[in-house]
Amino acid sequence: MVRISDPIIINKTVIKNRLTMAPTVKFDYTGPDGKVTEKHIEHYRERAEHGCGLICVEATAVTPGGRFAKNHMGLWEDAQIEGHKAITEACHQNGAAVIIQINHTGITANPDCGPAIGPSAVPTRDSATLSKEMSIDEIHEMQDCFVSAAVRAKKAGYDGVQLHGCHGYLINQFIAKKTNHRTDVYGGSVENRARFAVEIIEKVREACGEDFIISVRTAGIEPDVATAIAIAEEYVKAGCDYLQVSTGIEWDDPSVAESGEKYNKFCSLGVRFHEHFRGRVPVSCVNGILDVSLARYLIENDLADTVDLGRAVLADPAFCEAALEDTPYVKCFDCPRCQYGPGMLHKCPAEMKRKSR
Ligand SMILES: Cc1cc2nc3c(=O)[nH]c(=O)nc-3n(C[C@H](O)[C@H](O)[C@H](O)COP(=O)(O)O)c2cc1C
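Residues numbered from 1 in each chain as written. Predicted model: local features only at pLDDT ≥ 70, side-chain atom pairs only at ≥ 80, totals over all residues.

Observations regarding the sheet that holds strand β4 (residues 54-61)
Alright, step 1. The eight strands are arranged β3-β4-β5-β8-β9-β10-β11-β12 in a closed barrel whose pairing can be described as parallel. Recorded for the sheet is a direction-independent mean angle of 25° between the axes of neighbouring strands.
Alright, step 2. With three bridges connecting them, strand β11 (residues 283-286) and strand β12 (residues 306-309) associate as parallel partners. Following the sheet pairing, Cys285 is matched in β12 by Val307. (Pairing = 2+ DSSP bridges. Helix = DSSP H or I, 4+ residues; strand = E, 2+ residues; numbered from the N terminus. Axes fitted to C-alpha atoms, helices over the stretch in contact; angles between N-to-C directions.)

Structure, rendered in structure tokens:
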């Protein structure tokens, strides 16, 4: 039986256990220059010190126009590399491997940051205007921005990158038929809709080398699980080393429902992917893994290769240590407060409880 304390090798990097920190953006930590701040470094150091095997640093913009908001971290220029070096050193010194999620918001661009661009002209986030359909040249330029960000990530000491391929952002917009109406080689079939990301994977591999981890956080349902798996197969063929499975844009699959399992229907998508890719590509599941018993259950029952922890490790940086060593921890209250994003009005109640101890 595999235990959460067992190592796993992703590409050639040894991850010391099965507990991974999910990408979770900290909106209020940076300014308009998108540079890493001391707050970021301490945030990740603390999680690494307390036993996380792999940290996936939050969604980081590949162009200023692709930010969530003006206070969103970036890797769009060389001046941003130095700060990221401090994050990777803090993680490595504490025994954690570290990759970074790179992203562009595409159609959902924040108008304060840049124009809404995407595979097709579809309603933007204000629903009143349409996005601009990217030309083939613009697609290639955007792919190069992802590759340049990956090269900077490598220079900063990251063990790899993760393409943000879910949650309705640019890569996901190419995958979903609702947002991709193209009739050229970037639209239509599964192969064509996956091409935007596939070409990024191939170019990152060429630029960053064989040993660099390339992960994709992919939609586990788009619009159904079978199609989402077919898309992920394209990523794997192109050289993706590690899949994290979350949600996408369209959901039309009655086979995915709450089923009385210990884990929720979102997490079940990762379990389905793990069944499919078992022995070929490591798969992580995510969502609602808020207590240590569920993390252990998923690994010990071979339901996933790694468990991806979002709010659990935000609520208590010592969550992984607690899972590994049976020490006490403060459990996430499962409230939506940490998701309010920029201008967050409320404090995390778990953090307040922890600090009052
Ligand atoms: C504050 C916050 C920020 C997030 N930022 C990201 C992000 O940068 N990239 C991403 O793919 N998902 C992001 N997510 C989603 C989480 O990675 C995770 O999928 C989600 O919280 C469900 O997992 P959990 O129940 O373990 O929290 C974020 C979630 C939260 C709560």
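Okay, back to it.
Quick look at the packing of helix α6 (residues 225-238) against helix α7 (residues 265-277)
Alright, step 1. Look at α6 against α7: their axes get within 11 Å of each other, and the N-to-C directions meet at 55°. Viewed along their axes, α6 and α7 adopt a mutual orientation that is oblique. As α6 packs across α7, the resulting crossing turns out to be right-handed. In this structure, α6 uses Val225, Ile229 and Ala232 to contact α7, whose residues at the interface are Leu269, Arg272, Phe273 and His276.
Alright, step 2. Along the lines of polarity and charge, the residues of the contact of α6 with α7 split into five nonpolar, one polar and one charged. (Parallel < 35°, antiparallel > 145°, perpendicular 65-115°, else oblique. Left-handed = near helix turned anticlockwise from the far one by under 90°. Contact = placed C-beta atoms within 7 Å. Nonpolar A, V, L, I, M, F, W, Y, C, P; charged D, E, K, R; others polar.)

With respect to α6
Alright, step 1. With 14 residues, α6 ought to run about 20 Å at 1.5 Å a step, and its terminal C-alpha atoms sit 20 Å apart, in line with that.
Alright, step 2. Within the span of α6, buried status applies to Val225, Thr227, Ala228, Ile229, Ile231, Ala232, Glu234, Tyr235 and Ala238.
Alright, step 3. Residues of α6 that are buried in the fold lie against α4 (170-175), α5 (190-208), β9 (213-219), β10 (242-246) and α7.
Alright, step 4. Looking at the residues trailing α6, positive phi occurs at Gly239, about 120°. (Expected span 1.5 Å × (residues − 1). Buried ≥ 20, exposed ≤ 12 C-beta atoms within 10 Å, placed from the backbone.)

Quick notes on the pairing of strand β8 (residues 160-165)
Alright, step 1. Within β8, six of the six residues are buried, leaving the element largely enclosed by the surrounding structure.
Alright, step 2. What you see with β8 is no split at all: Gly160, Gln162 and His164 on one side and Val161, Leu163 and Gly165 on the other are buried throughout.
Alright, step 3. The pairing of strand β5 (residues 97-103) with β8 spans four bridges and is classified as parallel. Among the inter-strand pairings, Ile99 is bridged to a residue of β8, identified as Gly160.

Overview of the nonpolar core
Grouped burial of nonpolar side chains is what soluble globular proteins tend to show.
Alright, step 1. Judged by nonpolar contacts, the single largest core of 110 residues is most densely connected at Ile55, Val161 and Ala197.
Alright, step 2. In terms of residues, this core owes the most to one element, α5, which gives eight residues. (Core = buried A, V, L, I, M, F, W, Y, C linked by C-beta atoms within 7 Å.)

Description of helix α8 (residues 292-300)
Alright, step 1. For α8, the full list of buried residues reads Val292, Ala295, Leu298 and Ile299. In a view along the axis of α8, the buried residues occupy a sector of 130°, so they form one face of it.
Alright, step 2. Packed against the buried residues of α8 are β3 (19-21), β11, β12 and α10 (319-325).
Alright, step 3. Immediately beyond the C-terminal end of α8, within one or two residues, lies Asp302, with a positive phi of roughly 55°. (Arc of directions from axis to C-beta.)

Observations regarding the site of the ligand
Alright, step 1. Taken together, 21 residues lie around the ligand, and Ala22, Pro23, Ala59, Gly310 and Arg311 are the ones closest in.
Alright, step 2. Mapped onto the shell around the ligand, the elements with two or more residues apiece are β4 and α9 (311-315).
Alright, step 3. When the residues that make up the shell around the ligand are grouped by side-chain class, the tally is nine nonpolar, nine polar and three charged. (Near = placed C-beta within 6 Å.)

Observations concerning unusual backbone geometry
Alright, step 1. Backbone torsion omega between Glu222 and Pro223 reads -5°, so that peptide bond is classified as cis.
Alright, step 2. You can see Pro223 is positioned in the loop between β9 and α6.
Alright, step 3. Positive phi is not limited to glycine here, since Asp326 has a value of about 60°.
Alright, step 4. With 9 C-beta atoms counted inside 10 Å, the residue Asp326 sits in the exposed group.

Comments concerning the pairing of β10
Alright, step 1. Taking burial as the measure, the five residues of β10 include five buried ones, the bulk of the element.
Alright, step 2. Side chains Tyr242, Gln244 and Ser246 project from β10 onto one buried face, and the interleaved Leu243 and Val245 project onto a second face that is buried too.
Alright, step 3. Relative to β10, β9 runs parallel, the two sharing five bridges. Residue pairing for β10: Val216 is matched across the bridge by Leu243.
Alright, step 4. As a crossover connection, the stretch from β9 through α6 into β10 is right-handed.
Alright, step 5. Sheet analysis places β10 next to β11, joined by three bridges and oriented parallel. (Right-handed = clockwise from strand over helix to strand, strands pointing away.)

Any link to function would need more than the numbers given here.
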